[in-house]
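Summary of the model geometry
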Amino acid sequence: MTVIVPKQTDFHAIKKMVTNG
Amino acid sequence: MNFKISEFCHFVDGKNNLVALYNALTLGVVILDKDTAKILQETKGGIISVKIIDMLNSNGENNLLSQLIKNKLIFPLEQNVDLQDYATIQMGLSCKKIGILYLLMTDACNLSCGYCFVENLMPSDYTFSKMTPEIARSGIDLFAKALEKSSGIEEPQIIFYGGEPLANFNVVQEALEYIARAKADGRLPGNTSITINTNGTLINDNIAAALKRIDNLNLAISLDGLREIHNICRPYHNGTGSYDDVMRGYQCLQNNGIEAGFCCTINRHNVEQLHQIASWFMDELDAKSLGFNILIENYKMNGMHGDVKYYAELTAQKIIDCFRLFREKGIYEDRIMRKVNAFVDGHIYYHDCGGIVMSPNGMVGVCQGYLGTKKYFVKPDHQFDPLEHPVWEEWQFRSPLFMAQFKNCIALSICGGGCPYSADSRNGSIRELDDIFCVHAKATAEFLIKDLIEQATHGQ
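Note that this is a predicted model, so its numbers are computed, not measured.

Basis of the calculations
- Residues numbered from 1 in each chain as written.
- Chains lettered and ligands numbered in written order.
- Predicted model: local features only at pLDDT ≥ 70, side-chain atom pairs only at ≥ 80, totals over all residues.
- Heavy atoms only, no water.
- Helix = DSSP H or I, 4+ residues; strand = E, 2+ residues; numbered from the N terminus.
- Buried < 20%, exposed > 50% of the residue type's maximum accessible area, 1.4 Å probe, protein only.
- Contact = heavy atoms within 4.5 Å.
- Arc of directions from axis to C-beta.
- Polar contact = N/O pair within 3.5 Å; in protein donor to acceptor, adjacent residues only side chain to side chain.
- Phe/Tyr/Trp six-rings, centres within 6.5 Å; stacked < 30°, edge-to-face > 60°.
- Axes fitted to C-alpha atoms, helices over the stretch in contact; angles between N-to-C directions.
- Parallel < 35°, antiparallel > 145°, perpendicular 65-115°, else oblique.
- Left-handed = near helix turned anticlockwise from the far one by under 90°.
- Domains from an automatic or database assignment.
- Salt bridge = Lys/Arg side-chain N within 4 Å of Asp/Glu carboxyl O.
- Pairing = 2+ DSSP bridges.
- Right-handed = clockwise from strand over helix to strand, strands pointing away.
- Patch = residues over 30% accessible without salt bridge, like charges linked within 9 Å, V, L, I, M, F, W, Y side chains within 5 Å.
- Areas by Shrake-Rupley, 256 points an atom, 1.4 Å probe, with all protein chains shown as cover.
- Buried area = accessible area lost by both parts, 1.4 Å probe.
- Nonpolar A, V, L, I, M, F, W, Y, C, P; charged D, E, K, R; others polar.

So, on to the overall build of chain B. Tallying secondary structure elements over chain B gives 15 helices and 16 strands in all. Referenced to the eigenvectors of the C-alpha coordinate spread, the extents of chain B come out at roughly 75 × 50 × 40 Å. Split into buried and exposed, the 460 residues of chain B put 58% on the buried side. By sequence separation, contacts in chain B at least 24 residues apart represent 72% of the contacts at least 6 residues apart.

As structure tokens, this is what we get:
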């Protein structure tokens, strides 16, 4: 069974270099 | 104890035989292998049997059962967690607030863009006008009072809009000075941002020099692509293209050290090449920010959509493709970032629009799309308070989170509901679906969930 709970860093990685200023 | 799968839970297939379980209301995510996800997906009526619970409950303390509960993907049958969460999130809309002021400096424009939802909807006998300094000041005062009574507005925004706002630049200048004084004496918050949305054709060195003195000013220039495409989309009234004048205006800003962003309206003339246009914005114009506009219906559009279903699907995909490009260089594209920020930060995105629209003649409304008909516009008296007015109340609750027909949507909490005006003109009411925007919202939600699977398994 594979269980992955995304960490906050995984969510942030979606934005890559976009920084909201 | 019996458990139930949340009615807000969506199953999204990703790479490497992984499936994300996603709560579209509270934004929790757990990623499982396909076989385990299938067992949960096939439970009858969402009720999870004791046998399955035993399977989920293995693996010690940090087991799957506790993660699914924590992320609100399942809950004990006797606790209606879904209902509680739905009510709590709806409560977030119950506090009245207004954070955006649109000042329509004039309702006239020197361009004749086929897709414009302001200019093309004017009745044939409409009298165009320019805003006076007195009306600009009354709009700013009205906004300052509304802000005082609003809570949770992190960054108030004042947007100069039109028509073409720079066609009334003297009053723009007076309004900018009045805003600076209102900030200095504390009537407006110091971080109130100012944006001028312009077609760029009227920018000259005098205007650029005047704008350079303004703090916290954003300029957004409408540009739909390279010369040939832009000139088809955004001609003058006599049919000649505006591209060369826009680029001359942009050059003036650059010469004066003013950064500008761009607005690009996606239509059938540029949608196929949007990725190349995005690269051009990035590499040739050195754009740091950009906003894609999705076409808003108007009866004079002359097929700027092309086939509507094809337009909606292709637009949704192209916005995602451009985001993949932009995020590598740190370029902020506003249309998709509204949803990305909500998904990444885990906050609810209630509305795509809303605020006060001050028309050139002093009437106050909620949407410039209705400028021609004056629907949803009122003539304010000295007691007028938009926070207590039924028009603003109606629009405040125009959110997918208050529209039962969208309860099962995968984009529920990151959507914002699109354009009420478009929903009204295409489907008969602001409380109906903005069907073109909806395709973009759903495609973006699915992309973000699949991308999260990739990010979470990065390097594994």
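Next comes the rest of the write-up.
Time to look at helix α7 (residues 205-212) of chain B. Residue and element names in this part refer to chain B. Three or more residues of α7 are buried, namely Ile 207, Ala 208, Ala 210 and Leu 211. Summarising the axial view, the buried residues of α7 lie within an arc of 165°, below the 170-degree limit, and thus occupy one face. Within α7, the exposed residues directed more than 90 degrees away from the buried face are Asn 206 and Lys 212. Looking at the buried side of α7, the elements it contacts are α6 (169-184), β9 (193-198), β10 (217-222) and α9 (243-255). Its side-chain oxygen 3.1 Å from the backbone nitrogen of Asn 206, Asn 204 forms the N-cap of α7.

Right, let's get into the packing of aromatic side chains. Given two aromatic rings, their pairing is described by the distance between the two centres and the angle made by the two planes. Residues and elements named next belong to chain B. Under the counting rule described, the total for this entry stands at 17 aromatic pairs over all chains. Ring centres of Tyr 126 and Phe 128 lie 5.2 Å apart, and the angle between their planes is 70°; on these two criteria the pair is classed as edge-to-face. Seen in terms of ring centroids, Phe 384 and Trp 392 are 5.6 Å apart; in terms of plane orientation they differ by 65°. Their pairing is edge-to-face. You'll find Phe 384 and Trp 392 in the same group, each marked buried.

Residues and elements named next belong to chain B. At a closest axis distance of 9 Å, the pairing of helix α10 (residues 274-283) and helix α11 (residues 308-329) adopts a crossing angle of 25°. As summarised for this structure, α10 and α11 are arranged roughly parallel, according to the angle between their axes. By crossing handedness, the relation of α10 to α11 is classed as right-handed. Contacts between α10 and α11 pair Leu 274, His 275, Ala 278, Ser 279, Met 282 and Asp 283 from the former with Lys 318, Asp 321, Cys 322, Leu 325, Phe 326 and Lys 329 from the latter.

With that settled, consider the domain arrangement of chain B. The domain boundaries assigned to chain B delineate domain 1 (3-83) and domain 2 (100-393). Between the C-alpha centres of domain 1 of chain B and domain 2 of chain B the distance comes to 42 Å.

A few words now on the pattern of salt bridges. Residue and element names in this part refer to chain B. Taken as a whole and judged by the stated rule, the model has 15 salt bridges over all chains. With a shortest N-O distance of 3.3 Å, Arg 187 and Asp 185 are connected by a salt bridge. A relative accessible area of 32% places Arg 187 in the partly exposed class. Relative accessible area serves as the criterion here: at 47%, Asp 185 is assigned to the partly exposed category. Three or more residues joined by partner-sharing salt bridges are found here, namely Asp 141, Asp 185 and Arg 187.

Attention shifts here to the sheet that holds strand β5 (residues 47-48) of chain B. The three strands lie next to each other as β5-β1-β6 (chain B), forming an open sheet whose pairing is antiparallel. In the strand order of this sheet, the two ends are held by β5 and β6 (74-76) of chain B, each with one partner.

In this section: the pairing of strand β11 (residues 261-266) of chain B. Residues and elements named next belong to chain B. Within β11, six of the six residues are buried, leaving the element largely enclosed by the surrounding structure. Residues Gly 261, Cys 263 and Thr 265 of β11 are buried on one face, and the alternating residues Phe 262, Cys 264 and Ile 266, pointing to the opposite face, are buried as well. Direction of pairing for β11 relative to strand β12 (residues 289-294): parallel, over a ladder of five bridges. Following the sheet pairing, Cys 263 is matched in β12 by Gly 291. Traced from β11 through α10 to β12, the parallel crossover comes out right-handed.

Residues and elements named next belong to chain A. A surface patch of nonpolar side chains, about 220 Å² in accessible area, is lined by Met 1, Val 3 and Val 5. Tracing the backbone through its elements, the reader meets Val 3 in strand β1 (residues 3-4). According to the relative accessible area criterion, Val 3 is partly exposed, its value standing at 31%.

Looking now at the environment of Asp 381 of chain B. Residues and elements named next belong to chain B. Looking at the element boundaries, Asp 381 is found in the loop between β16 (377-378) and α13 (390-396). Here the side chain of Asp 381 touches Gln 383 through a polar contact of 2.9 Å, landing on its backbone nitrogen. Of the polar contacts made by the side chain of Asp 381, one reaches the backbone nitrogen of Phe 384; its length is 3.0 Å.

Chain B puts 32 residues into the contact, and the matching count from chain A is 17 residues. Summed over both sides, the interface between chain B and chain A buries roughly 2,100 Å², with carbon and sulfur atoms accounting for 67% of that surface. The tally of links from chain B across to chain A stands at zero salt bridges. In this assembly, chain B and chain A are joined by four residue pairs in polar contact (both at pLDDT 80 or more). Elements with a contribution of two residues or more to the side of chain B that touches chain A: β4 (29-33), α3 (64-70), α11, α12 (334-345) and α15 (435-456) of chain B. Per-element accounting of the side of chain B that touches chain A gives the leading share, six residues, to α12 of chain B. When grouped by side-chain class, the residues that make up the side of chain B that touches chain A number 18 nonpolar, eight polar and six charged. Relative to β4 of chain B, β1 of chain A is paired through two bridges, and the arrangement is antiparallel.

Taken residue by residue, helix α1 (residues 34-41) of chain B has Thr 36, Ala 37 and Leu 40 of chain B as its buried positions. One side of α1 of chain B carries all its buried residues, which in axial view fall inside an arc of 100°.

All right, on to the sheet that holds strand β8 (residues 157-161) of chain B then. All names here are of chain B. Pairing in this open sheet of 10 strands is mixed, and the strands run β13-β12-β11-β10-β9-β8-β7-β14-β15-β16 from one edge to the other. Each edge of the open sheet carries a strand with a single partner, namely β13 (332-333) and β16. Two strands pair when backbone bridges link them, and β12 and β13 are joined in this way by two bridges, in the parallel orientation. Looking across to β13, one finds that Leu 290 is bridged to Glu 333.

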